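Given next are the chains, with one letter for each unit.
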Amino acid sequence: MTHTDVLILGAGASGLYCAMTAVARGLGVVVLDHGAKAARKVRVSGGGKCNFTNLQVTHANYICGNPHFVKSAVARLSPWDVVSLLAEEGISYEEREHGQLFTDQGAGKVAGSLLTRCTRAGVDVRLGSAIQDVSGTGPFSVTTDDDVVTADALVIALGGPSWPQVGATDLGFRLAKQFGLRVVAPHPGLVPLVFPKHLQGFCREMAGNALEATVSVDGVQFTDPLLFTHKGVSGPATLQASSYWRPGQSVTIDFLPGHSVETLVEDHRRSNIQFRNMLGHVLPKRLPGLLVSGELGETSVSQLSLKQIEAASNRIHRFTVVPASTEGYGKAEVCVGGVDTDQISSKTMECTSVPGLYVIGEALDVTGHLGGFNLHWAFASGAACGSNI
Ligand SMILES: Cc1cc2nc3c(=O)[nH]c(=O)nc-3n(C[C@H](O)[C@H](O)[C@H](O)COP(=O)(O)OP(=O)(O)OC[C@H]3O[C@@H](n4cnc5c(N)ncnc54)[C@H](O)[C@@H]3O)c2cc1C
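Residues numbered from 1 in each chain as written. Predicted model: local features only at pLDDT ≥ 70, side-chain atom pairs only at ≥ 80, totals over all residues.

J.: How would you explain the overall build of the protein chain if you had to name every residue and give the values?
T.: Helix and strand counts for the protein chain stand at 14 helices and 21 strands. When its C-alpha atoms are laid out on the principal axes, the protein chain stretches across 85 × 40 × 35 Å. Looking at the protein chain as a whole, 47% of its 389 residues qualify as buried. If you take every contact in the protein chain between residues at least 6 apart in sequence, the share linking residues at least 24 apart comes to 72%. (Helix = DSSP H or I, 4+ residues; strand = E, 2+ residues; numbered from the N terminus. Buried ≥ 20, exposed ≤ 12 C-beta atoms within 10 Å, placed from the backbone. Contact = placed C-beta atoms within 7 Å.)

Below, the structure written as structure tokens:
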């Protein structure tokens, strides 16, 4: 039997950040995780380079039932705070477009450094610890394979179920429900979309091709690279939009953002070039033939009727599809939804209905856009919690 001030469930990005902040205040901290390694999601993040924060972070980069919820924690941990912390561990960064910061040394070094900072400061990090039972409401009691740990404060930092291949589970949601908290229905986010059967041939023909596109869903839109897969679409523009998509909704794609088919046709009105070939100058190979097939594609630009131009414009700028599904949690970088923030203090991450119980990171109904915002949220919510327990 062990007793501690703070017991953190989950040695991921948020749990370790919370632990290092709490231990620095003189609190006794134990962290439990079933993984053999800490922070496994951090290790695979950013294609192995870990996009650990974003210089442009604001509350507008998050999807949350209460859009104001993230303001306080994000205002108290700036991207430069994260940069300084990593710099102390010898980690430098590279700035990429849209303010995204990636490490030079790789994601494994970030994960290792978060763990080392905790253990060096005296946090008792227990890896390979299966959580069997959680009970009590202060003190809380957690039974593992080989111990019973009691604590005055319990922190749920168990993330969401995306990428189960690195040990992700929905235990955080189940525990929250056990404590009477509401959980906003979770679904995969930052995930490729699968097109319906009748468009699978189209996808196979285009697989591997990428282009700049605007993907719109449910009133939001993202202009970024789009990548065709064998089943549908991926790439940043799709991943961003996917977090807003729900089954049955349509998605609209503009394959030529910033251009107008009408203007392109006007500019080539005196030319005898086939419409399809003209489009071949601005769209990737094969796409013109698939979007304006048959007679329309073969018509010379000078002969196009207004009706034909309008039909082509609709196909190219307003290509509308109802995806069959997403590629699921196995391919999703995040889980959208989670513990309802209405029941959580935005300053401390403590549950209003269960004093001493805290929820942080992706387990909450807070989902960042692509670009380093999810790790920033994990760190910011971990810091807010660790400095207030
Ligand atoms: C492939 C991929 C790439 C990503 N790239 C980026 C990126 O570059 N930038 C970015 O900002 N975000 C990225 N993300 C998202 C980011 O990694 C997560 O949002 C972030 O790690 C969430 O932190 P967390 O602490 O809430 O949860 P996690 O980091 O997932 O930590 C949860 C911890 O709980 C443990 N746990 C879970 N279930 C149990 C259980 N039943 N028993 C015991 N322990 C358990 C897990 O082992 C894990 O260590 C990426 C995600 C993926 C999957």
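J.: For the nonpolar core, give the residues involved together with the corresponding values.
T.: One finds L16, A19, V155 and V359 to be the most contacted residues of the largest nonpolar core, which totals 77 residues. When residues in this core are grouped by element, the largest group, nine residues, is from helix α14 (residues 373-386). If near-sequence neighbours (up to four positions away) are discounted, A19 is found in contact with I8, V29, V31, C118, V123 and G386. By size, the runner-up hydrophobic cluster in this structure holds 34 residues, among which are V233, F255, L256 and M278. (Core = buried A, V, L, I, M, F, W, Y, C linked by C-beta atoms within 7 Å.)

J.: Account for the site of the ligand, with residues named and values stated.
T.: Not every one of the 37 residues close to the ligand is listed here, only the nearest: G10, G12, G46, G159 and G361. Counting residues per element, the shell around the ligand draws most heavily on α14, which supplies four residues. Counted by class, the shell around the ligand contains 16 nonpolar, 16 polar and five charged residues. (Near = placed C-beta within 6 Å. Nonpolar A, V, L, I, M, F, W, Y, C, P; charged D, E, K, R; others polar.)

J.: Please provide a residue-by-residue account of the sheet that holds strand β14 (residues 220-228), values included.
T.: Across the sheet, seven strands lie side by side as β17-β16-β13-β14-β15-β12-β18; this open sheet has antiparallel pairing. Only two strands of the sheet have a single partner each, and these edge strands are β17 (319-321) and β18 (325-326). Of the strand pairs in this sheet, β14 and strand β15 (residues 232-234) are connected by two bridges, and their pairing is antiparallel. Pairing of L227 across the sheet is with S234, part of β15. Docked against the sheet, helix α8 (residues 235-242) engages β12 (193-194), β13 (210-217), β14, β15, β16 (251-254) and β18, running at close to 135° with respect to β14. (Pairing = 2+ DSSP bridges. Axes fitted to C-alpha atoms, helices over the stretch in contact; angles between N-to-C directions.)

J.: Can you tell me about helix α5 (residues 107-120), naming the residues and giving the values?
T.: Taking 1.5 Å of rise per residue, 14 residues should cover 20 Å, and α5 covers 20 Å from first to last C-alpha, within 8% of that figure. Considered for burial, the residues of α5 that qualify are A107, V110, A111, S113, L114, L115 and C118. Of the residues trailing α5, G122 is marked for its positive phi of about 105°. (Expected span 1.5 Å × (residues − 1).)

J.: A description of unusual backbone geometry should follow, citing residues and the corresponding values.
T.: P139 follows G138 through a cis peptide bond whose omega is 5°. With respect to the helices, strands and loops of the structure, P139 is situated in the loop between β8 (131-135) and β9 (140-144). Despite not being glycine, D218 has its phi angle at roughly 50°, a positive value. D218 gets classed as exposed once you count the C-beta atoms within 10 Å, which come to 12. The backbone phi angle of M349 is positive, close to 70°, even though this residue is not glycine. Along the polypeptide, M349 turns up in the loop between β19 (334-339) and β20 (357-359).

J.: Would you mind going over the packing of helix α1 (residues 13-23) against α5 in detail, with residue names and values included?
T.: A pair of packed helices is captured by two measures, namely the crossing angle of their axes and the spacing between those axes. At a closest axis distance of 9 Å, the pairing of α1 and α5 adopts a crossing angle of 30°. Taken together, the axes of α1 and α5 are roughly parallel relative to one another. Between α1 and α5 lies a crossing of left-handed hand. Residues L16, Y17, A19, M20 and V23 of α1 form the contact with α5, whose own contacting residues are L114, L115, R117 and C118. The residue inventory of the contact of α1 with α5, partitioned by class, reads eight nonpolar, no polar and one charged. (Parallel < 35°, antiparallel > 145°, perpendicular 65-115°, else oblique. Left-handed = near helix turned anticlockwise from the far one by under 90°.)

J.: Could you give an account of the domain arrangement of the protein chain, naming the residues involved and the relevant values?
T.: How large an interface is tends to be reported as the accessible area lost when its parts come together. With domains assigned, the protein chain is organised as domain 1 (2-188 + 333-386) and domain 2 (193-326). Distance from the C-alpha centre of domain 1 to the C-alpha centre of domain 2: 39 Å. Class assignment for the residues of the side of domain 1 that touches domain 2 results in four nonpolar, two polar and no charged. (Domains from an automatic or database assignment.)

J.: How would you explain the environment of A130 if you had to name every residue and give the values?
T.: Tracing the backbone through its elements, the reader meets A130 in the loop between β7 (124-126) and β8. A tally of 11 C-beta atoms within 10 Å means that A130 is categorised as exposed. If we skip the residues at most four places from it in the chain, A130 touches H34, T144 and D145.

J.: Lay out the sheet that holds strand β3 (residues 51-54) with the relevant residues and their values.
T.: Pairing within the open sheet is antiparallel, and its three strands lie in the order β3-β6-β5. The open sheet has two edge strands, β3 and β5 (93-95), and neither has a second partner. Ignoring which end each strand starts from, the neighbouring axes of this sheet average 30° apart. When β5 meets strand β6 (residues 100-103), the two strands line up antiparallel, connected through three bridges.

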